[in-house]
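Structural characterization, general
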Amino acid sequence: MNVCRQYLSRFISACLVSGGILSVLGCNPQNTEHQQPNGIIYCSEGNPASFNPQLDTSGTTVDVSSHQIYDRLLDFDLITGEIVPGLASSWSTSSDGLTYTFQLRKDIAFHSTAYFTPSRSFDADDVVFSFNRWRDENHPYHEVSGGRYPYINSVGLDDLIGSIERINRYRVKVTLVRPESSFLANLATDFSIILSAEYAKQLQAVGTPELIDTQPIGTGPFKFNSFRQDRFVRFDAHTEYWRERSTTEQLIFDITPSSSLRLAKLMTGECDAMAFPTHSQLDVIRKRKELILDEKPGLNVGFWAFNTSKPPFDNPQVRRALALAIDKNAILEAIYFGSAIPAASIIPPSSWAFQPDSRNTSFNPIEAAKLLRENGVEEGFSMTIWAMPVERAYNPNAMKMAELMQRYLRDVGIDANIISYEWSTFRARLNQGSHDSVLIGWSADNGDPDNFFRPLLTCAAIDSGTNRARWCSKEYDTLIDKALTYTDQEDRAYFYSKAIELISQEMPLMPIAHAFRYQAYRDDVTGIEINPYGGIQFRNVSKP
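Note on numbering: residues in each chain are counted from 1, in written sequence order. Local features in a predicted model are, by the rule used here, given only for residues with pLDDT of at least 70; side-chain atom pairs are given and counted only at 80 or more, and totals for whole chains, interfaces and linings are based on all residues. Note that water and hydrogens are dropped before the side-chain values are worked out from all heavy atoms of the structure.

Structural elements are reduced to axes, namely lines fitted to C-alpha atoms, with helices fitted over the stretch in contact, and the angle between N-to-C directions of any two is expressed from 0 to 180 degrees. The secondary structure listing takes helices from DSSP runs of H or I that are at least 4 residues long and strands from runs of E that are at least 2 residues long, numbered from the N terminus. Close contact between helix α11 (residues 316–324) and helix α13 (residues 365–374) brings their axes to 8 Å; oriented N to C, the two are set at 155°. In terms of their interaxial angle, α11 and α13 are classed as roughly antiparallel. For the pair α11 and α13, the crossing hand works out as left-handed. Between α11 and α13, the contacting residues are Gln317, Val318, Arg320, Ala321, Leu322 and Leu324 on the first element and Pro365, Glu367, Ala368, Leu371 and Leu372 on the second. Working rule for angles: under 35 degrees goes down as roughly parallel, over 145 as roughly antiparallel, 65 to 115 as roughly perpendicular, anything else as oblique. For any pair of crossing helices, the crossing counts as left-handed if the nearer helix is rotated counterclockwise from the farther one by less than a right angle, and right-handed if it is rotated clockwise. A contact between two residues is defined here by any heavy atoms of the two lying within 4.5 Å.

Structure representation (structure tokens):
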């Protein structure tokens, strides 16, 4: 850290200690002259669990890896939502919907780093390796780094593919076991990245296969340089990148868990962009002429999930009573500051599967108490609300929300204890299913409504860790599976409307809000766009 940055850090710390962000505003940091590093600095909110998004659905991992290090066969157009070519320049589908043939681009370079020098460019072997790693339990890399592929497993992509075949160096054929209309959309998500088969073979030969996920190699616009826990992740530009890229030579994720400190660093210029501005900070950012705040409706849902595998939460009437005890509108006002709309279902209004007449729960503590007593939940009953320790667009302050809900539950005779852990620990323990309920949510990875229905509530998504309610309904699974056998939206919407009705009856979770997404950055930065389908992208981001 140079002298100027040391000064900035001391300055920021002093301002924060003396009274938070308002004090920072009074410190006039714009007059401070300092030298910017050559590159883009992004103030991120936490440590990635991996550098391979196949292994982790956390937004923190996705942001730092998916679009910086890797490419996919297909991508989404961020404006239209259409599926567009990625590493595959074109594709064709058989008339029965079972076979997809992908034509791959030529002369796509993998990263050359201090720990790996590729001898060849991207080809069909890399696609076969990347897919077989998560779909074939006998693949030598399947169990590396734990053998869990949460998103892939939750949408059933591993079971959907019957075979994948190398036709020649630049053509790959994928055969499905059944037609499924969301297949291409899932290949365009943050999780369907392409790894280097040559790098994997080299690591396996020296007995260190796990390094494929911690010292990553991809074809993306940036190549991994270094990672220091709780400090930073550093990338260098991939100068042989196949698409147009920015002139940025370095990309640094400055790991800054405190949202106040992230904003302070953005204001002083120590960061060029920041993750997850809190809703209470939005007006502060709007009033600063050197800062820009972009916003878009979010493809997301924040919810309160009940652990339906544990009594009394296995009783739909108890779950309904708990939902009736909560004033959702008051929570929205206190937590989202007008930047979200109430959610009646898990599907946001921007999805074509949205049902405007979905039945919403109303605030009725008298009815809630009555239902609880009728179903054997006596006054003084104790339960836990797990609250995320991180901000997310769908829930910017889970801890505060839990505190508000704690008061509402007290009014109906429930003693709610709030539980939270460090983020990676929180998610690991949540996967074990020891929670009574949890405040969490979901942001779409693609524009297909299956991306909400399947990961959040299907039986298969319990094992993959995305079904936080641990709710398993054969009737629900049948509806979701049937929807994917049709290609016409109207046909599919019929089954999704039935699924929404079933969720409303069974109440495995209480939908709370669909929130706007925000991105804050300095006005000399260009090329930042809010990605409605997942992680942030820095490929086109530059500054003078």
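What follows deals with the state of the cysteines. Note on disulfides: each one is a pair of cysteine sulfur atoms within 2.5 Å. Considering all chains together, one arrives at two disulfides under this definition. The disulfide bridge from cysteine 43 ends at cysteine 271, spanning 1.9 Å between sulfur atoms. One disulfide, between cysteine 43 and cysteine 271, carries an S-S torsion of 60° and so falls in the right-handed class. Here cysteine 271 lies in the loop between α9 (259–268) and β11 (273–274) and cysteine 43 lies in strand β1 (residues 40–44), a separation of 228 residues in the sequence. Each residue gets one of three labels from its accessible area relative to the maximum for its type: buried under 20%, exposed over 50%, partly exposed in between, using a 1.4 Å probe on protein chains only. For cysteine 271, a relative accessible area of 0% gives the class buried. Cysteine 459 shares a disulfide with cysteine 472; S-S distance 2.0 Å.

With a 1 Å grid laid over protein atoms only, a set of points is called a cavity when a 1.4 Å probe fits there but cannot get out and a pocket when it is open yet has protein on both sides within 12 Å along at least five of seven lines; lining residues have an atom within 4 Å of a point. Grid points are joined across faces, edges and corners, and a volume is the space filled by probe spheres set on the points. Considering only enclosed or pocket space, the largest pocket measures out at about 610 Å³ in volume. Around the largest pocket, the lining is made up of 30 residues, and of these Gly81, Trp352, Asn446, Gly447 and Asp448 lie nearest the centre. Only α7 (183–187), β12 (291–297) and α19 (489–506) provide two or more residues apiece to the lining of the largest pocket. By residue number, the principal contributor to the lining of the largest pocket is α7, which donates three residues. Its residues assigned to classes, the lining of the largest pocket comprises 14 nonpolar, 10 polar and six charged. In this count, Pro and Cys sit with the nonpolar residues alongside Ala, Val, Leu, Ile, Met, Phe, Trp and Tyr, while Asp, Glu, Lys and Arg are called charged and the others, Gly among them, polar.

The next subject is the nonpolar core. Leu73, Phe102, Phe183, Trp304, Ile346 and Leu409 are the most contacted members of the largest nonpolar core, which has 147 residues in total. Ranked by residues supplied to this core, first place goes to helix α14 (residues 398–410) with seven residues. With residues up to four places along the chain from it excluded, the contact list for phenylalanine 102 reads Leu73, Leu74, Ala88, Ser90, Trp91, Tyr170, Arg171, Val172, Val174, Phe183, Leu184 and Leu187. In terms of nonpolar packing, the next biggest core, distinct from the first, is built from 16 residues, Cys43, Ile252, Met274 and Val284 among them. To form a nonpolar core, buried Ala, Val, Leu, Ile, Met, Phe, Trp, Tyr and Cys residues must be joined to one another through side-chain atoms within 4.5 Å.

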